[in-house]
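What follows is the residue order along each chain.
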Amino acid sequence: MASDPKKLFMERENIPRLLARFAAPALVGMLANALYNIVDRIFVGQVVGASGIAALALSFPCMLLFFSMAFLIGVGAASRISILLGEKRKRRAEQTLGNAFMMALVSSILLWIVGRLYFRSILILSGASETLYPTAAAYLSIILYGVIFSVISFSLSCQIRACGSPTYAMGSQLVGAFANIVLDAWFVLGLGMGVQGAAIATVISQFFSMLWALSYFWLPRATLRLRLHFVLRPDLESIARIFAVGTPACLINLNFVLVHGMITNASSHYGGDLAVSATGIFMSLDSLLFMPAIAISEACQPIIGYNYGAGKIERVISTVKMGIVACTAFYLLSFALVMTKAELLVMMFNSSDKALIELAASGIRVANIGIPFMGISLVCTSFMQGLGRGREGLYLALARLGIFLWIPLLTLPKIFGVYGAWGSFPVSDIGGSIVAGLFMMHTVKKLRQTHAV
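Quick caveat: nothing in here was measured; it's all calculated off a predicted structure.

Observations regarding the overall build of the chain
Assigned secondary structure in the chain consists of 15 helices and zero strands. Relative to the globule expectation of 22 Å for 453 residues, the C-alpha radius of gyration of the chain, 21 Å, shows essentially globular dimensions. C-alpha extents for the chain along the principal axes are approximately 65 × 45 × 35 Å. Across the 453 residues that make up the chain, the buried fraction comes to 60%. Long-range pairs, those at least 24 residues apart, make up 83% of the contacts in the chain with a sequence separation of at least 6.

Laid out in structure tokens, this is it:
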């Protein structure tokens, strides 16, 4: 096993080339993943109008709830699989994979039940007005049927990357994104089904993504197999390790559910339905601008985990440095794009409502002032996940999102209105990145001391 070049490239290949090998397909895959919501809002915004965008924005927190569980399982299992493969423990890695699949299946069923019982409350807490609620409910009631597909496909994509096959993981997201574009055009434009058509298109697309991800583990070249006896036989140690590492990623996304609800509530309270529509556009573009850098940081995780398991600490540190440089470079380009072309970006969603275009463009510029600093925070999260240190990752998540985002969201809107809600993001981006940078330097120093020859 140690002589297999397919498994040894993780600890021998040049770091920049290795990171590019993982980041390029992850980048495409993340952009494809972002297109799920963006394409829905573009079609609905151009056909239904501002109220349709607002309705989809109000449904987004419930969809983020699905992804929170997918992140917990996907990130937790991927970190463990990377380390086990670095240690040449293939059977334990397959056991982790099987248990992760079982967790995804069970949790998605529970999420569907909870969603069906409480989706009205979720929409109301998100700030749905009497005029927007019926449209948002029509969209969300259909989207709920895709929860099992989205949780399984996303979590498996993380684990496929950990197996050293990032291109195949990208394929799962590309298949779904392409299907969503085609089906949105058919259902929304061709058949005139409005938000219901967008929802049906999303569910079908997520099903195709799940099938693609599952197919990897039956390929002859697959690093690991998804074995039924591991799926049906829970292992408490594997489950505990998945939870330990994946919980911070889950909490970050759960926190974002709350944050999204707080922002849409503040938008509704201080700016009405038009501000909710503007927030929906901002959040869509935010995912588009953030996803590529998130892909770069996530590409670092399997490289860090494998080389940490193999005891190659300097390769771990080199990966962290290269990841920060790449993420920061991308965010500087995103910053320049937002500051100079915000109106054009907004017009992708609605090109006729001048008030909406002006409000959304101003909000996007305010919210992205701190984006150049975010690379440090993102790579630090992947660093902790790669080392299998869930507790430290949780502390950092609570610092950035709990302290630096909640407090501004609770105070700034009272002073600056809807712009105060958007202005909370730069406070979080800058403050959280300072804390992450200091923590990362301390961790690197301890790693070097521990593994010094």
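We are not done yet, so read on.
A look at the packing of aromatic side chains
Per the stated rule, a full pass over the model turns up 11 aromatic pairs. Relative to Tyr 145, the ring of Trp 112 lies with its centre 6.2 Å away and its plane at 50 degrees, an arrangement referred to as tilted. With Trp 112 in helix H4 (residues 90–125) and Tyr 145 in the loop between helix H5 (133–143) and helix H6 (147–162), the pair connects residues that are 33 residues apart, well separated along the chain. Taking 5.0 Å as the distance between ring centres and 25 degrees as the angle between the ring planes, the aromatic pair formed by Trp 186 and Phe 187 counts as stacked. Cluster of aromatic residues (ring-pair linked, three or more members): Tyr 168, Trp 212, Tyr 216 and Phe 217. Here the basic side chain of Arg 120 rests over the ring of Tyr 133, its NZ or CZ set 4.7 Å away from the ring centre.

Comments concerning the state of the cysteines
Inspection of every chain in the model, using the stated rule, returns zero disulfides. In this model Cys 158 remains outside any disulfide bridge; the closest cysteine sulfur is found in Cys 163, 11 Å from its own. Judged by relative accessible area, Cys 158 falls into the buried class, the value being 6%. We note that Cys 300 lacks a disulfide partner, and the nearest cysteine sulfur, in Cys 327, lies 6.4 Å from it.

Here we look at the side chain of Thr 443
Assignment of secondary structure puts Thr 443 in helix H15 (residues 418–450). Looking at Thr 443, the relative accessible area reads 4%, which means it is buried. Not counting chain neighbours up to four residues away, the residues in contact with Thr 443 comprise Phe 383, Met 384, Leu 387 and Arg 389.

Brief notes about the confidence of the model for the chain
Parts of the model with low pLDDT should not have their predicted coordinates read in detail. Taken over all residues, the pLDDT of the chain has a mean of 81, while the share at 70 or more is 92%. For the stretch residues 1–6, pLDDT sits under 50, and the model shows nine contacts to residues farther than four places along the chain or on other chains.

So, a nonpolar patch on the surface
Among the surface-exposed residues, Leu 105, Val 106, Ile 109, Leu 110, Trp 112, Ile 113, Val 114, Leu 117, Tyr 118 and Tyr 145 lie close enough to one another that they form a single nonpolar patch of about 920 Å² accessible area. Counting through the fold element by element, Val 106 comes out in helix H4. Of the residues examined, Val 106 reaches a relative accessible area of 43% and is grouped as partly exposed.

Points about the environment of Leu 214
Along the chain, the position of Leu 214 falls in helix H8 (residues 194–216). C-alpha of Leu 214 to C-alpha of Ile 160: the two residues are 54 residues apart in sequence and 9.7 Å apart in space. Leaving out residues up to four positions away in the same chain, Leu 214 has contacts with Phe 101, Leu 156 and Leu 226.

Topic: the packing of helix H7 (residues 166–190) against H8
One can describe the packing of H7 onto H8 by two numbers: an axis separation of 8 Å at closest approach and a directional angle of 155 degrees. As summarised for this structure, H7 and H8 are arranged roughly antiparallel, according to the angle between their axes. Remark: the crossing between H7 and H8 carries right-handed chirality. Grouping the amino acids of the contact of H7 with H8 by side-chain chemistry returns 14 nonpolar, 10 polar and one charged.

Analysis parameters
- Residues numbered from 1 in each chain as written.
- Predicted model: local features only at pLDDT ≥ 70, side-chain atom pairs only at ≥ 80, totals over all residues.
- Heavy atoms only, no water.
- Helix = DSSP H or I, 4+ residues; strand = E, 2+ residues; numbered from the N terminus.
- Rg over C-alpha atoms; globule rule 2.2 N^0.38 Å.
- Buried < 20%, exposed > 50% of the residue type's maximum accessible area, 1.4 Å probe, protein only.
- Contact = heavy atoms within 4.5 Å.
- Phe/Tyr/Trp six-rings, centres within 6.5 Å; stacked < 30°, edge-to-face > 60°.
- Lys NZ or Arg CZ within 6 Å of the ring centre and 35° of its normal.
- Disulfide = S-S within 2.5 Å.
- pLDDT = per-residue confidence, 0-100.
- Patch = residues over 30% accessible without salt bridge, like charges linked within 9 Å, V, L, I, M, F, W, Y side chains within 5 Å.
- Areas by Shrake-Rupley, 256 points an atom, 1.4 Å probe, with all protein chains shown as cover.
- Salt bridge = Lys/Arg side-chain N within 4 Å of Asp/Glu carboxyl O.
- Axes fitted to C-alpha atoms, helices over the stretch in contact; angles between N-to-C directions.
- Parallel < 35°, antiparallel > 145°, perpendicular 65-115°, else oblique.
- Left-handed = near helix turned anticlockwise from the far one by under 90°.
- Nonpolar A, V, L, I, M, F, W, Y, C, P; charged D, E, K, R; others polar.

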